[in-house]
Amino acid sequence: METSTTVHRGDADVAHVAALFADPTRARVLVALADGRSLPAGVLATEAGVSAQAASAQLARLRENGLIDVEQSGRHRYYRLASDQVATILEALAVIAPTEPVRSLREGTRAAALRRARTCYDHLAGRLGCAVTVALLERGALVRTDERTTTERRPGDRLSSRVTDAPYELGPAAPDVLASLGVSPDAVGPSGGRPLLRFCVDWSEQRHHLGGRLGADLLTQFLSAGWVARRPRHRAVDLTDVGADRLKALIGVEIS
């Protein structure tokens, strides 16, 4: 028997949800987030090829409808997919979707280059910076002092920010490993100035990368040796063929 409080539920409103995926700007934003990372609005605007204002409007709609979440980190806001169900839908659509024609590589290439390798102040960041940090940890040049064994960020470590009380110290293999990279063993000694070890939470990789005096020394050496090259008026750096070969041979770093 029905009462006055009985709630009748109809079929799922598939058309409403499908419309959220149908807009090209929203679709590109969702695809950019499909690898599970959190990205700032400016990067998502670049990925979508639209203005910051246009991206902001679409991000608001996606958030209102539960497809993305946002995380505040200082003055910045980082967006991510709300659940792996959204990524599953994107993968399913990709199977039956036609490929898009390439109109311009400039903006997409710029965003991809920043994620691959860039400078964060005076040290390496992006996939390359994080990969070097992982390699130093795996080879005993760095040791993590908490219960974790990888460069994953801790709860409370804010994206794109310096890590407070970073849980790392030099490991027993530091002099040999660093010397193989061209950094003098004297560089790991005490200094009355800048701290030797500092770490940031990489915004694109969502994990720690090495900064401080040692991070700056490594970048200086990589540039001097021609292993990485700066881009004019751009924070992105390029890993050269020589650099890729040497970093793979010396510490096992490989990035796509």
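Numbering of residues begins from 1 in every chain and follows the order in which that chain's sequence is written. In view of the model being predicted, local features appear only for residues whose pLDDT reaches at least 70, and side-chain atom pairs are presented and counted only at 80 or more, with totals across whole chains, interfaces and linings using the full set of residues. Based on all heavy atoms of the structure, the side-chain values leave hydrogens and waters out of the count.

Enquirer: Explain the overall build of the protein chain to me, and be specific about the residues and the numbers.
Expert: Scanning the protein chain for helices and strands turns up 10 helices and 11 strands. Here the protein chain, with 256 residues, has 40% of them falling under the buried criterion. A fraction of 61% describes how many contacts in the protein chain between residues 6 or more apart in sequence connect residues 24 or more apart. Put simply, DSSP H or I for four residues or longer makes a helix, DSSP E for two residues or longer makes a strand, and each gets a number counted from the N terminus. Note on exposure labels: buried denotes an accessible area under 20% of the residue type's maximum, exposed denotes more than 50%, and partly exposed covers the range between, all computed with a 1.4 Å probe on protein chains only. Note on definitions: a residue-residue contact is assigned when non-hydrogen atoms from the two residues lie within 4.5 Å.

Enquirer: Could you give an account of the side chain of Arg154, with specific residues and numbers?
Expert: Turning to its location among the elements, Arg154 is positioned in the loop between β6 (142–144) and β7 (168–170). A polar atom in the side chain of Arg154 sits 3.3 Å from the backbone oxygen of Asp165. Definition of a polar contact: a pair of N or O atoms within 3.5 Å, with one able to donate and the other able to accept a hydrogen when the atoms are protein atoms, and with sequence-neighbouring residues admitted only if both atoms are side-chain atoms.

Enquirer: If you had to explain the nonpolar core to someone new, which residues and values would you point to?
Expert: Counting 56 residues, the largest nonpolar core has Leu30, Leu128, Leu136, Leu218, Phe222, Leu247 and Val253 as its most contacted members. Examining the composition of this core, we find that 6 residues originate from one element, helix α7 (residues 126–138), more than from any other. Residues contacting Leu30, with those up to four places away along its chain left out, are Phe21, Leu62, Leu67, Ile68, Leu81, Val86 and Leu90. Take the buried residues of types Ala, Val, Leu, Ile, Met, Phe, Trp, Tyr and Cys, join any two whose side-chain atoms come within 4.5 Å, and each joined set is a nonpolar core.

Enquirer: Just give me the short version of the packing of helix α2 (residues 24–32) against helix α4 (residues 52–64), but keep the residues and values in it.
Expert: Axes here mean lines fitted to C-alpha atoms, for a helix over just the part in contact, with angles spanning 0 to 180 degrees between N-to-C directions. α4 packs onto α2 with a crossing angle of 70° between their chain directions and a minimal axis gap of 10 Å. Considering their axes alone, α2 and α4 lie roughly perpendicular with respect to each other. Residues Thr25, Arg26, Val29 and Leu30 of α2 pack against Gln58, Leu59, Arg61 and Leu62 of α4. Note on terminology: angles under 35 degrees are roughly parallel, angles over 145 are roughly antiparallel, angles of 65 to 115 are roughly perpendicular, and the others are oblique.

Enquirer: Summarise the sheet that holds strand β3 (residues 76–81); cite the residues concerned and give the values.
Expert: Two strands are counted as paired when DSSP detects at least two bridges linking them. Sheet architecture is open: 3 strands sit in the order β1-β3-β2, paired in antiparallel fashion. A strand with exactly one partner marks an edge of an open sheet, and here the two such strands are β1 (39–40) and β2 (68–73). Summarising the sheet, β2 and β3 pair through 6 bridges and their orientation is antiparallel. Pairing of Gln72 across the sheet is with Arg77, part of β3.

Enquirer: Outline the pattern of salt bridges, listing residues and values.
Expert: Salt bridges are counted wherever a side-chain nitrogen of Lys or Arg sits within 4 Å of a carboxyl oxygen of Asp or Glu. Evaluation of the coordinates by the stated rule reveals 10 salt bridges. Glu71 is paired through a salt bridge with Arg80; the nearest N and O atoms lie 3.5 Å apart. For Arg144, the salt bridge is made with Asp146, and the minimal N-O distance between the two is 2.8 Å. Residue classification places Arg144 among the buried residues on the basis of a relative accessible area of 8%. Assessed through its relative accessible area of 22%, Asp146 is described here as partly exposed. Each of the salt bridges in this network shares a partner with another, and the network as a whole consists of Glu71, Arg80 and Arg153.

Geometric descriptors of this kind do not, in isolation, establish any biological role.
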